[in-house]
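If you want the building blocks of each chain, they are given just below.
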Amino acid sequence: MNTPSRPAGTIPIRNAHEDDLPAITDIYADAVRHGTASYELDPPPLSEMRKRFQALAAGGFPYLLAELDGMVAGYAYAGPFRPRPAYRFIVENSVYIAPGAQGRGVGRALMMRLIEESRRLGFRQMVAVIGDGRPDSPSVMLHEALGFRHSGRLEGSGFKHGRWLDTVFMQLAMNGGAAAPPDPESLPERRFRGEG
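Along each chain, residue indices are assigned from 1 in the same order as the chain's sequence is written. Local features in this predicted model are restricted to residues whose pLDDT is 70 or higher, and side-chain atom pairs enter the listing and the counts only when it is 80 or higher, whereas totals over whole chains, interfaces and linings include all residues. In computing side-chain properties, one takes all heavy atoms of the structure into account and sets aside hydrogens as well as water.

Chemist: Help me understand the overall build of the chain in this model?
Modeler: The helix and strand labels rest on DSSP assignments: H or I over at least four residues marks a helix, E over at least two residues marks a strand, and numbering proceeds from the N terminus. In terms of helices and strands, the chain carries five helices and seven strands. For this measure, only C-alpha atoms enter the radius of gyration; the expected value for a globule follows 2.2 Å times N^0.38, where N is the number of residues. On C-alpha atoms alone, the chain measures out to a radius of gyration of 17 Å, which is about the 16 Å that the 2.2 N^0.38 rule sets for 196 residues. Principal axes of the C-alpha set define a box for the chain whose edges measure 50 × 40 × 35 Å. Throughout, exposure labels follow a simple rule: accessible area from a 1.4 Å probe, protein chains only, divided by the maximum for the residue type, with under 20% read as buried, over 50% as exposed, and the rest as partly exposed. Here the chain holds 196 residues, and 44% of them are scored as buried. What makes two residues a contact is simply this: any of their non-hydrogen atoms within 4.5 Å. Across the chain, the fraction of contacts at a sequence separation of at least 24, relative to all contacts at a separation of at least 6, is 65%. Only the protein chains shown count as cover for residues, and the accessible areas themselves come from Shrake-Rupley with a 1.4 Å probe. As presented, the chain carries roughly 10300 Å² of accessible surface, and 54% of it is formed by carbon and sulfur atoms. Think of it this way: Lys and Arg go in the positive column, Asp and Glu in the negative one, and His and the chain ends go nowhere. In plain terms, the charge of a residue is placed at NZ if it is Lys, CZ if Arg, CG if Asp and CD if Glu. Positive and negative side-chain charges in the chain, numbering 23 and 22 respectively, have mean positions lying 3 Å apart.

Set out below in structure tokens:
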């Protein structure tokens, strides 16, 4: 039975916490086993997911969770695009939806909030690195609908489930993008100066 999509503003979104990690780990494990969004081949254990969560939390990056009917319906986070310091104004987003919640507006709600939080922190670009980025991919279509533009494609860059996959890069400018100098009070600049 298909449950209709809900408007993005009616889906409860909150910050994820460590006690949410078992549900998050299960959602990601399903995506790794059955999907092509992640190029991991074996689902990481809870202990690894905890390390990843703690690293993002320590960096002050947003990590969000959506709930539907009292259950974890999906999660999204923004993290460093690359470790070198000149990349500090760019975040890479990830969003994963529980199988039973797909097609209900959860991904859109999570992404809208993630973009809002990343803007608030002062980041200038959000990049989506989309595995199996076919034009009809739900992830590609979601990012397009949210204003992301296509910025590159790596052909045949992954091999999973018996086939070669293309990786698509999509990009969203925030806070003026590259049209203005860095904000010295932004999270990336404060962290670069060692202030938090």
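Chemist: So what exactly am I meant to see when it comes to the sheet that holds strand β7 (residues 163-173) here?
Modeler: Strand pairing in a sheet relies on backbone hydrogen bonds, with the paired strands running either antiparallel or parallel. Strand pairing is defined by DSSP finding a minimum of two bridges between the two strands. Reading across the sheet, the seven strands line up as β1-β2-β3-β4-β5-β7-β6 and stay open at both edges, with mixed pairing between neighbours. Bordering the open sheet on either side are β1 (13-15) and β6 (149-160), each of which pairs with just one other strand. For this sheet, the mean inter-axis angle between neighbouring strands, taken without regard to orientation, is 25°. In terms of strand pairing, β1 meets strand β2 (residues 63-68) through three bridges, oriented antiparallel. In the sheet register, R14 faces β2, and the bridge partner there is L65. Axis lines are fitted to C-alpha atoms, over the contacting stretch for helices. Their N-to-C directions set the angle, which ranges from 0 to 180 degrees. Contacting β2, β3 (71-80), β4 (90-97) and β6, helix α1 (residues 21-34) runs over the sheet at an angle of about 80° to β3.

Chemist: How do you make sense of unusual backbone geometry when you look at a structure like this?
Modeler: A negative phi angle is the norm for most residues apart from glycine, just as the trans form is the norm for most peptide bonds. The phi angle at D132 is positive, at roughly 55°, despite the residue not being glycine. Among the structural elements, D132 can be located in the loop between β5 (125-131) and α4 (138-145).

Chemist: Looking at this model, I keep getting lost on α4. Mind explaining?
Modeler: At 3.6 residues per turn, the α-helix brings residues three or four places apart onto the same side. When we look at burial in α4, the residues that qualify are V140, L142 and H143. One side of α4 carries all its buried residues, which in axial view fall inside an arc of 165°. Next to the buried residues of α4 lie β4, α3 (106-120), β5, β6 and β7. Here the arc refers to the set of directions running from the helix axis out to each C-beta atom.

Chemist: Would you explain the side chain of E189 in this entry?
Modeler: Note on placement: E189 falls in helix α5 (residues 187-192). You can call E189 buried: its relative accessible area is 13%. Leave out the neighbours within four places in its chain, and E189 touches R88, F89, P182, D183 and P184.

Chemist: Would you take a moment to explain the pattern of salt bridges for this structure?
Modeler: Note that side chains of opposite charge can pair when their charged atoms are close. Within this document, salt bridges are pairs made up of a side-chain nitrogen of Lys or Arg and a carboxyl oxygen of Asp or Glu, the two lying within 4 Å of each other. All told, the structure shown has 14 salt bridges when counted by the stated rule. In this structure, R88 and E189 form a salt bridge, with 2.7 Å as the shortest nitrogen-oxygen distance. Taken together, the residues span a long stretch of sequence, with R88 in the loop between β3 and β4 and E189 in helix α5 at a distance of 101 residues. Taking the shortest distance from any N to any O, the salt bridge between R163 and D132 comes out at 2.7 Å. Of this pair, R163 sits in strand β7 while D132 sits in the loop between β5 and α4, placing them 31 residues apart in sequence. Residue R163 is classed as partly exposed on the basis of its relative accessible area, which comes to 37%. One connected set of salt bridges, linked through shared partners, spans D132, R134, D136 and R163.

Chemist: I keep staring at the nonpolar core and nothing clicks. Help me out?
Modeler: The nonpolar side chains of soluble globular proteins are, as a tendency, buried together. What is meant by a nonpolar core is a set of buried Ala, Val, Leu, Ile, Met, Phe, Trp, Tyr and Cys residues, joined one to another through side-chain atoms within 4.5 Å. Membership of the largest hydrophobic core comes to 48 residues, with the highest contact counts inside it found for V106, L110, M111, M126 and F148. What M111 contacts, discounting residues up to four positions off in sequence, is N93, V95, M126, L142, H143, L146 and F148.

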